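# Per-entry structural report
Spelled out from the first residue to the last, the chains are:
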Amino acid sequence: MTLRQYLSLHSITETTFAKMIGTSQAAVSRYCSFRVPAAAQMRAIMNATQGAVCAADFKSFSGVTPPPAALPTSRMSAAS
């Protein structure tokens, strides 16, 4: 599930989610559109969404590098 889908499904605004993960609304907007979060932000996103959004969900952005190996890339490994 993409971050944008998660926010829509749970009726969470970018501003509210930004506060939940300790970043700006502009950063959340970029994560919803085209930017792959850094490792610390990825962990915060995965924690805040209880694994519903994970590193693998950001692979759909064209031209991005794969997520860092230290991060779980699936919901299964995020829950462990």
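Residues numbered from 1 in each chain as written. Predicted model: local features only at pLDDT ≥ 70, side-chain atom pairs only at ≥ 80, totals over all residues. Heavy atoms only, no water.

With that out of the way, let us pick up unusual backbone geometry. A negative phi holds for most residues other than glycine; trans holds for most peptide bonds. A positive phi angle is found at S11, which is not glycine, with a value near 50°. Looking at S11, the relative accessible area reads 67%, which means it is exposed. Unusually for a residue other than glycine, Q50 sits at a positive phi of about 55°. (Buried < 20%, exposed > 50% of the residue type's maximum accessible area, 1.4 Å probe, protein only.)

To continue, consider the packing of helix 2 (residues 14-21) against helix 3 (residues 25-33). The contact between helix 2 and helix 3 brings their axes to 8 Å, and the two run at 105°. Compared by their axis directions, helix 2 and helix 3 come out roughly perpendicular. Contacts between helix 2 and helix 3 pair E14, T15, F17, A18 and I21 from the former with Q25, V28, S29 and C32 from the latter. Grouping the constituent residues of the contact of helix 2 with helix 3 by class yields five nonpolar, three polar and one charged. (Axes fitted to C-alpha atoms, helices over the stretch in contact; angles between N-to-C directions. Helix = DSSP H or I, 4+ residues; strand = E, 2+ residues; numbered from the N terminus. Parallel < 35°, antiparallel > 145°, perpendicular 65-115°, else oblique. Contact = heavy atoms within 4.5 Å. Nonpolar A, V, L, I, M, F, W, Y, C, P; charged D, E, K, R; others polar.)

This paragraph deals with the confidence of the model for the protein. Residues of the protein with pLDDT of at least 70 account for 74%, and the chain-wide mean is 84. Of all helices and strands in the protein, the one with the weakest mean pLDDT is helix 5 (residues 75-79) (54), whereas helix 2 scores best (98). (pLDDT = per-residue confidence, 0-100.)

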